[in-house]
Amino acid sequence: MNRIDVLGVPVDVCPPEEIETELLKILEKPGTKQIIFLTIWDLLKARNKKKDFSECVKNADLIIPISKSIVSGARFLKRKVPVRYNPFNATIQILSILDQHYKSLYMLGSHKKTLMTAERNVHATFPNLRIVGRFVGYYHKTSEADVIEAIHKSSPSLTLVADGIKEKNLWSYHRRDKFSSSIFLYYRDSFGIFAERVKRVNEKTFERGHEIWHEIARNPLKLFLVFPFSCYIMSLVWSRILKK
């Protein structure tokens, strides 16, 4: 696996056939580990020196690009071109690998009904994957100590984090010294899709890089993302000019 940078932000080049090897290597490491599904907006946030998030990305064990713009940006800068993943398919692949190796899972996020349905469906799909605990999202601050203790005691191979966790990727990063061993992966829609309450993005739409329209349909204010995206394009051009 190679790690490149796109405008100073690290991105991993990890072909699908190498995911299993890399995942097992990460599992062998001591302490808290993290896999990040990197969107173009995450890249811009990390690049803009949002200190905590920038450090979170730099310290992640696997940084998987899920935006077409990151791949095209790497190509434009003449970097090694990373493989872009559909986050749902990548999550299924990761769970399949853990299932094959009889590993364990903790589920954190969503509302109770969604979480319980998602758990049943995950268990039915991955029978060898031990689900060692679950906790709903949107919880009160007073419950956080219980969440941390539960994950620490169960020491899962993977903690899958979904909607309802306000800090998203930063949740595990800010608490990384409180866990003995676990990989943390944040994917907002994971439990909603598993519970068939959230519709996943169409494969053709994703392949074309048009998933932003799915996001805009859910939140029209995201139309204003056109401005930071324009800055991204200009930064790529300027970076290439400087390199020349």
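Going by the structure above, here's the rest.
Residues numbered from 1 in each chain as written. Predicted model: local features only at pLDDT ≥ 70, side-chain atom pairs only at ≥ 80, totals over all residues. Heavy atoms only, no water.

Caption draft 1: A look at the pairing of strand E6 (residues 130-135). The pairing of strand E5 (residues 104-108) with E6 spans 5 bridges and is parallel. Note on E6: the bridge partner recorded for Ser104 is Arg130. (Pairing = 2+ DSSP bridges. Helix = DSSP H or I, 4+ residues; strand = E, 2+ residues; numbered from the N terminus.)

Caption draft 2: Summary view of helix H3 (residues 51-58). Among all positions in H3, only Phe53, Ser54, Cys56 and Val57 are buried. Down the axis, H3 shows its buried residues gathered within 160° of arc, on one side only. Buried residues along H3 sit in contact with strand E2 (9-13), strand E3 (31-38), helix H2 (40-47), strand E4 (62-65) and helix H8 (169-174). (Buried < 20%, exposed > 50% of the residue type's maximum accessible area, 1.4 Å probe, protein only. Arc of directions from axis to C-beta. Contact = heavy atoms within 4.5 Å.)

Caption draft 3: Expanded view of unusual backbone geometry. Despite not being glycine, Tyr102 has its phi angle at roughly 55°, a positive value. Counting through the fold element by element, Tyr102 comes out in the loop between helix H5 (87-100) and E5. Its identity is not glycine, yet Lys168 carries a phi of approximately 55°, on the positive side. On the basis of relative accessibility, which here comes to 45%, the residue Lys168 falls in the partly exposed class.

Caption draft 4: Structural detail: the packing of H2 against H3. As a packed pair, H2 and H3 sit with axes 7 Å apart at the nearest point and diverge in direction by 115°. Relative to H3, the element H2 lies roughly perpendicular. Here H2 and H3 pass one another in a crossing that is left-handed. On H3, the residues touching Asp42, Lys45 and Ala46 of H2 are Phe53, Ser54 and Val57. (Axes fitted to C-alpha atoms, helices over the stretch in contact; angles between N-to-C directions. Parallel < 35°, antiparallel > 145°, perpendicular 65-115°, else oblique. Left-handed = near helix turned anticlockwise from the far one by under 90°.)

Caption draft 5: Local environment of the packing of aromatic side chains. Using the criterion set out here, one finds 8 aromatic pairs in the structure. Geometrically, the ring pair formed by Phe135 and Tyr139 is edge-to-face, given 5.9 Å between the ring centres and 90° between the ring planes. Accessibility expressed as a relative area gives 22% for Phe135, which makes it partly exposed. Given the relative accessible area of 19%, Tyr139 is considered buried. (Phe/Tyr/Trp six-rings, centres within 6.5 Å; stacked < 30°, edge-to-face > 60°.)

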